[in-house]
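So you can see what is in the structure, the chains are spelled out below.
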Amino acid sequence: MATTTSITTTYAGEFAGKYIAAALLSGETLNKGGVEIKPNVKFKEVIKKVSTDAILKDATCDFDPTSTITLTERILQPEEFQVNLQLCKKDFRSDWEAIEMGYSTFDQLPPSFSDFLISHVAEKVAQKTEQNIWGGVNANAGEFDGFTVLLAADGDVNDAVTSETSFTAANIVGELGKLVDAIPNSVLYQEDLHIYVPNNVYQLYLRALGGFQSGGIGANGYDNKGNNQAISSLMFDGIKIFRAPGMPADHMVAAQKSNLFFGTGLLSDSQEVKVIDMSDVDGSQNVRVVMRATAGVQYGIGSDIALYTLA
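Analysis parameters
Residues numbered from 1 in each chain as written. Predicted model: local features only at pLDDT ≥ 70, side-chain atom pairs only at ≥ 80, totals over all residues. Heavy atoms only, no water. Pairing = 2+ DSSP bridges. Helix = DSSP H or I, 4+ residues; strand = E, 2+ residues; numbered from the N terminus. Contact = heavy atoms within 4.5 Å. Axes fitted to C-alpha atoms, helices over the stretch in contact; angles between N-to-C directions. Phe/Tyr/Trp six-rings, centres within 6.5 Å; stacked < 30°, edge-to-face > 60°. Buried < 20%, exposed > 50% of the residue type's maximum accessible area, 1.4 Å probe, protein only. Parallel < 35°, antiparallel > 145°, perpendicular 65-115°, else oblique. Nonpolar A, V, L, I, M, F, W, Y, C, P; charged D, E, K, R; others polar. Polar contact = N/O pair within 3.5 Å; in protein donor to acceptor, adjacent residues only side chain to side chain. 1 Å grid on protein atoms, 1.4 Å probe; cavity = no way out; pocket = protein on both sides within 12 Å on 5 of 7 lines; lining within 4 Å. Points joined across faces, edges and corners; volume = space filled by probe spheres on them. Core = buried A, V, L, I, M, F, W, Y, C linked by side-chain atoms within 4.5 Å.

Right, let's get into the sheet that holds strand S6 (residues 193-197). The sheet built from six strands is open, its strands ordered S5-S13-S9-S6-S8-S7 with mixed pairing. One side of each edge strand has no neighbouring strand; the edge strands of this open sheet are strand S5 (158-159) and strand S7 (235-236). Bridge analysis of S7 against strand S8 (residues 239-243) gives two bridges, and the strand direction is antiparallel. When the sheet's bridge partners are listed, Met235 is paired in S8 with Lys240. Each of S6, S7, S8 and strand S9 (251-256) touches helix H6 (residues 199-209); the most contacted strand, S8, lies at about 130° to it.

Following this line, the structure appears as structure tokens:
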């Protein structure tokens, strides 16, 4: 038997938007502005790309349009996902919250538990969305192709030259350097350029900053703090590091924030969260939670992105 939580109210419209926002946008990457968010994508959105040759030419007396402009496009098409849960109110009658259900046999789920459940569902959806953004695989249920999957399939993306099979505190500085070496000069040091790393890489880099002779940083580490580093904003070679918890542990990505997009129909009519008491529908003691949302990612110019994958 499936499990559910319910309030005797149906949430849609404005309230649905708030719950969907909490679910989709509270993940680390989206909450901290790691990528561009495109809401209100009902079906698909075209991301235009413009490339030119060397447009600066020797001057003449005439208008001579000899430069080449190439327009290409990528499609951002969010996929539909849903959450369906069902709980029986009877299961809560012996619980300490039973008094909240009322004394009638036609009772309702404890409001405090209902609030907790909605919050819990939103948190779980946010966590899954974070993982999908970076490492999702469309063939898997509940997932869409993430950035690492899309980038690996694009021959225009700059692949870092790697030979390591694992990240360690001893090699992480060198491996980050290989990623930076793969960044195109035209992108290097752009204001919104970030190095996106998974949790393990972030932690290993912090440990490397703690200092050890083989790393050439010194026994006491950065700022003489050893392993007591407390750095809120890490950088490498002058480039900001963004911790992306959803990224697979064997990848790193260097890209401009303005070149990475997350799309959703967040504010469209197709988004809804409903908590439905089924007693008035089929006479049962069940309560259902229904959440629907759309999500997907896409990037603009692959040749402006560098991808690191462990060998």
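Enumeration according to the criterion identifies six aromatic pairs in this entry. A ring pair is formed by Trp134 and Phe147, whose centres lie 5.2 Å apart and whose planes are at 55°; its orientation type is tilted. Of this pair, Trp134 sits in helix H3 (residues 111-135) while Phe147 sits in helix H4 (residues 147-152), and the two are 13 residues apart along the sequence. For Trp134, a relative accessible area of 0% translates into the label buried. For the ring pair Phe167 and Tyr308, a centre distance of 5.5 Å and an interplane angle of 35° mean the geometry is tilted. In this pair, Phe167 sits in the loop between S5 and helix H5 (172-181) while Tyr308 sits in strand S13 (residues 306-309), placing the two residues 141 residues apart along the sequence.

The interhelical angle for the contact between H5 and H6, taken along N-to-C directions, is 120°, at an axis separation of 9 Å. What the angle tells us is that H5 and H6 run oblique. Here Ile172, Val173 and Leu176 of H5 come into contact with H6, specifically with Val201, Leu204, Tyr205 and Ala208. Here the contact of H5 with H6 is composed, by residue class, of seven nonpolar, no polar and no charged.

Even without glycine at this site, Asn40 takes up a positive phi of about 65°. Structurally, Asn40 is set in the loop between strand S1 (36-38) and strand S2 (45-52). With a phi close to 70°, Tyr189 is a non-glycine residue in the positive phi region. With respect to the secondary-structure elements, Tyr189 resides in the loop between H5 and S6. By relative accessible area, which is 53% here, Tyr189 ends up exposed.

On to the environment of Thr162. Its location among the elements puts Thr162 in the loop between S5 and H5. It is 8.8 Å that separates the C-alpha atoms of Thr162 and Leu179, two residues lying 17 residues apart in sequence. When sequence neighbours within four positions are dropped, the list of residues in contact with Thr162 reads Tyr308, Thr309, Leu310 and Ala311. In this structure the side chain of Thr162 is engaged in a polar contact, spanning 3.0 Å, whose partner is the backbone oxygen of Thr309.

It is worth spelling out the layout of surface pockets at this point. The space that makes up the largest pocket amounts to roughly 270 Å³. Lining the largest pocket are 16 residues, and of these Phe81, Gln82, Val83, Val125 and Lys128 sit closest to its centre. For the lining of the largest pocket, the secondary-structure elements that each account for two or more residues are strand S4 (79-88), H3 and strand S12 (286-299). Of the residues contributing to the lining of the largest pocket, the split by class is eight nonpolar, five polar and three charged.

Inspection of the sheet shows S6 paired to S8 by four bridges, in the parallel sense. Counted as the bridge partner of Ile195 is Ile241 from S8.

Moving on to H5. Within H5 the residues assigned to the buried category are Ile172, Glu175, Leu176, Gly177, Leu179 and Val180. Where H5 is buried, its residues touch S6, H6, S7, S8, S9 and S13.

It is worth spelling out the nonpolar core at this point. Counting 29 residues, the largest nonpolar core has Phe167, Leu176, Ile183, Ile195, Val197, Ile241 and Met252 as the members making the most contacts within it. Among the secondary structure elements, those contributing two or more residues to this core are H5, S6, H6, S8, S9 and S13. The element best represented in this core is H6, accounting for seven residues. Leave out the neighbours within four places in its chain, and Met252 touches Phe167, Glu175, Leu176, Leu179, Tyr196, Val197, Pro198, Val201, Met247, Ala306, Leu307 and Tyr308. Counting residues in each nonpolar core, the second largest holds 22 residues, with Leu151, Tyr196, Ala244 and Met247 among its members.

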